[in-house]
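# Fold and contact review
Spelled out from the first residue to the last, the chains are:
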Protein chains: 2
Amino acid sequence: MSRLTTDPALASWVPAPAGSDFPIQNLPFGIFSHGGATRSGVAIGDHVLDLAAAHAGGALDALPEGVFAQPTLNPFMELGHEAWRRTREQISALLDAATGPPPGAEAWLVPATQAVMRLPVRIGDYVDFYSSLQHATNVGRMFRPDAPPLLPNWRHLPVGYHGRASSVVVSGTPVVRPLGQWRGEGGPGFGPTRRLDIELEVGFVTGLGNPLGTPIPIQDAEDHIFGMCLVNDWSARDIQAWEYVPLGPFLGKSFATTVSPWVVTLDALAPFRVPAVAQDPEPLPYLQGGGDAVDLQLVIELNGEVISHTSFRDMYWTMSQQLAHVTVNGTNVRCGDLYASGTVSGASPDSLGSLLELTWNGERPLQLGSGERSFLEDGDVVVMRGWCERQGAVRIGFGECAGTVVPARR
Amino acid sequence: MSRLTTDPALASWVPAPAGSDFPIQNLPFGIFSHGGATRSGVAIGDHVLDLAAAHAGGALDALPEGVFAQPTLNPFMELGHEAWRRTREQISALLDAATGPPPGAEAWLVPATQAVMRLPVRIGDYVDFYSSLQHATNVGRMFRPDAPPLLPNWRHLPVGYHGRASSVVVSGTPVVRPLGQWRGEGGPGFGPTRRLDIELEVGFVTGLGNPLGTPIPIQDAEDHIFGMCLVNDWSARDIQAWEYVPLGPFLGKSFATTVSPWVVTLDALAPFRVPAVAQDPEPLPYLQGGGDAVDLQLVIELNGEVISHTSFRDMYWTMSQQLAHVTVNGTNVRCGDLYASGTVSGASPDSLGSLLELTWNGERPLQLGSGERSFLEDGDVVVMRGWCERQGAVRIGFGECAGTVVPARR
């Protein structure tokens, strides 16, 4: 028996303030600590539904014992798409105002202000793409002014690289300004980075893997995707510029990557899927039929001021194309892999996803209430937000992806 | 009470044939399956000592219950350097011919031919360096013939990148020829790689990590290293050449990386440490005092013929320098990270670590008993071996790092 969990007519007996990121139509999964325990939860309005308690209380069936009483979502994510959907339907029914709370259910709610959010996923491999045409073009114009801005491979494959998994942290984790080398006069300079930047990205995490040697066909790719989150790919531009030839970004990126704590499922995003942008030239067959885009609005706030407002819907490469490409050589995706989109930049000057672009490599500093900024200063607070809205659907949001820069440790 | 476990006078009551890789002075750790169970073992001669059985039998003390009855070495590796050394001393005493086997100890031995070796470590992040001066020079000469072969950063930092952890496999795992894109006329080509290559490397795995934000000082680096293994960084040169700008190698490498099953500890390697090569220019202070090199000889066999014989001792950057560099920006090392050296190439034409170099980009094919080879053919068997020997010490070896190429799946 299937339930339309995104039905705009649904309301919950747990109140969600107007404009909340977490109405009953959203139901994102996360990991939280409260009262000395760490377990899975679902965001609903200003509360977290304790899934371990709801499961133990008999409200969720056909799941392994203790699946939500773990410090990561991986045990649930490994169960696959049918289990994700069935559980989502049961949570939706449990929270439905039309039936009201089952006995004891109020005790399964924790005020969001009392929940400490944790990294939701034990990450296997972390891949960072470069899938915004506008971002890749901007970077090309800045650093290769005398050549075509896009490199020859860019329109034929979703360019990407492996990032560091160990330093992926949950929203709110302070980011220590990294030390490193940069190109100097007569030898490299060394010290705290002088060009600390952000990259506004959107990521997806995989639930089901594939066996080594067997690619995931593009039409099956979304069955492997558990959900999406916001990503801040913190970057030290001076370190990156010096180190990155010929093997790519390394220490300029590996010091921290922040993700939002709530994983929004593809089922919740179904009302906000839109046709992907047209690709020219047509990609190779294994990248055709690449699935829809997601109409997701994004903003960056720096010290409380919005410095960019952009959209994820115009990304050149879709999630399905990214996953089909990653595995075309037979590599194995695992439960918990994180695939980030690359910086999301739009065409207008106020829709760019990095300070590198917003200030055009530092040439045009931003004038903010907190002062002039080319790159980040110690104490700066960066908050990224994302949400989906359209006529005929209830708005859903991703919550915050936040971080504060703290001084280098020398 | 400390025991010199590398004493050449030691012999074991478990016979080790002359020239065995695994005399009592070696005692490398691995994971094996036998009789339906998977647990930790130590190689001794032609046998594997079942450490779970030895622990349960009371021969190893001061260790957590079940530490060796797991499918990875990580629970033991997490215990740190003092526990590694103490356990090594206990295993050495247990196997000592001078005292003979304790009661029941013969039952803890499994013939190596009956043990199925597994990936020894649950890998966190996998980093691949580029630390052979000769290899980096050769690649520069081939691909940038009109420029200085070394890029400006190369002598100032150990260049590296993050590789894919999911597809690191144990010796003996077949390698499926990957599909992928390459540069073609009027658009990319696609199909099974036509330039499948090997890279002879040596890796180290970390036991103890560091907290995010706190670099590992170079003088402490070796305390974090559990041991070393051989690595074959399989590479598809045509895929790599098309994809790698500007973010580095990705699908040209991510389809498989093979490691040898036995992790040789730094304690076993102590007699074979030699001064590292002189560096010019002097590196930055955080990379000074970089520890000794390892005098480790390496060979590559292709279908039973030795095609390269080289040495690890002349690598430009040491393991300690690599680990100090990786963490200088504060990133966190975890138990089980794998750090590979990059291709190990010597100065002579028969000491190069890749077919790319051995055949000079395919221009000078090898003439072998199994036929002419520029790159690998389906069915080819590659075996890498490594060993240490010097006057006054007992020779120890790393065992095999082997793989067979199987046809692409289309």
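See the structure shown above.
Our subject in this report is the structure included herewith.

Each value, and the rule that gives it
Residues numbered from 1 in each chain as written. Chains lettered and ligands numbered in written order. Predicted model: local features only at pLDDT ≥ 70, side-chain atom pairs only at ≥ 80, totals over all residues. Heavy atoms only, no water. Least-squares fit on C-alpha atoms with pLDDT ≥ 70 in both. Contact = heavy atoms within 4.5 Å. Buried area = accessible area lost by both parts, 1.4 Å probe. Salt bridge = Lys/Arg side-chain N within 4 Å of Asp/Glu carboxyl O. Polar contact = N/O pair within 3.5 Å; in protein donor to acceptor, adjacent residues only side chain to side chain. Helix = DSSP H or I, 4+ residues; strand = E, 2+ residues; numbered from the N terminus. Pairing = 2+ DSSP bridges. Axes fitted to C-alpha atoms, helices over the stretch in contact; angles between N-to-C directions. Phe/Tyr/Trp six-rings, centres within 6.5 Å; stacked < 30°, edge-to-face > 60°. Buried < 20%, exposed > 50% of the residue type's maximum accessible area, 1.4 Å probe, protein only. Lys NZ or Arg CZ within 6 Å of the ring centre and 35° of its normal.

## Focus: the relation of the copies chain A and chain B
Superposition record for chain A on chain B: RMSD 0.0 Å, screw rotation 180°, translation along axis 0.0 Å. The superposition of one copy onto the other is thereby described by a two-fold rotation axis. Across chain A, the rotation axis passes nearest the C-alpha of Gly 248 of chain A, at a separation of 2.0 Å. Taken as a fraction of all interface residues of chain A, those also at the interface in chain B reach 100%, which identifies the copy contact as same-surface.

## Quick word on the interface of chain A and chain B
Interfaces are often sized by the amount of accessible area the parts lose when they come together. Listed by partner, the interface residues are 55 residues for chain A and 55 residues for chain B. Summed over both partners, the interface of chain A with chain B buries about 5300 Å², with 61% contributed by carbon and sulfur atoms. Counting the contacts that link chain A with chain B gives four salt bridges. Across the pair Asp 125 of chain B and Arg 164 of chain A runs a salt bridge, and its minimum N-O distance is 3.8 Å. Remark: the boundary between chain A and chain B carries 36 residue pairs in polar contact (both at pLDDT 80 or more). The set of elements that each furnish at least two residues to the side of chain A that touches chain B consists of strand 6 (126-129), strand 7 (160-163), strand 10 (179-182), strand 11 (189-192), helix 5 (237-243) and helix 7 (319-327) of chain A. The dominant element in the side of chain A that touches chain B, judged by the number of residues it contributes, is strand 7 of chain A, at four residues.

## Overview of the sheet that holds strand 4 (residues 109-111) of chain A
All names here are of chain A. Sheet architecture is open: five strands sit in the order 4-3-2-1-5, paired in antiparallel fashion. Looking at the sheet topology across the chains shown, the edges are occupied by strand 4 and strand 5 (116-118). Pairwise comparison of adjacent strand axes, ignoring direction, gives a mean angle of 45° for this sheet.

## As for the packing of aromatic side chains
All told, the structure shown has 22 aromatic pairs over all chains when counted by the stated rule. Each ring, one from Trp 84 of chain B and one from Phe 226 of chain B, has its centre 5.1 Å from the other, and the planes form 80°; the classification is edge-to-face. Residue Trp 84 of chain B is found in helix 3 (residues 81-94), and its partner Phe 226 of chain B is found in strand 14 (residues 225-232); the two are separated by 142 residues along the sequence. Like Trp 84 of chain B, the residue Phe 226 of chain B is buried in the burial classification. Here the aromatic residues Phe 29, Phe 68, Phe 76, Trp 84 and Phe 226 of chain A are joined through ring pairs into a cluster of three or more. Lying over the aromatic face of Trp 182 of chain A, Arg 194 of chain A brings its terminal NZ or CZ to 3.9 Å of the ring centre.

## Considering the pattern of salt bridges
Evaluation of the coordinates by the stated rule reveals 36 salt bridges over all chains. Its salt-bridge partner being Asp 378 of chain A, residue Arg 177 of chain A comes within 2.7 Å of it at the nearest N-O pair. Highlighted residues: Arg 177 of chain A in the loop between strand 9 (175-176) and strand 10 and Asp 378 of chain A in the loop between strand 24 (371-373) and strand 25 (381-388), separated in sequence by 201 residues. Judged by its relative accessible area of 9%, Arg 177 of chain A falls in the buried class. Ionic pairing is found between Arg 273 of chain B and Glu 222 of chain B, a salt bridge with its closest N-O pair at 2.4 Å. With Arg 273 of chain B in strand 18 (residues 273-274) and Glu 222 of chain B in the loop between strand 13 (200-206) and strand 14, this pair connects stretches of sequence that are 51 residues apart. Residue Arg 273 of chain B is classed as buried on the basis of its relative accessible area of 19%. What makes Glu 222 of chain B partly exposed here is its relative accessible area of 23%.

So far we have only geometry, and geometry alone does not tell us how the molecule works.
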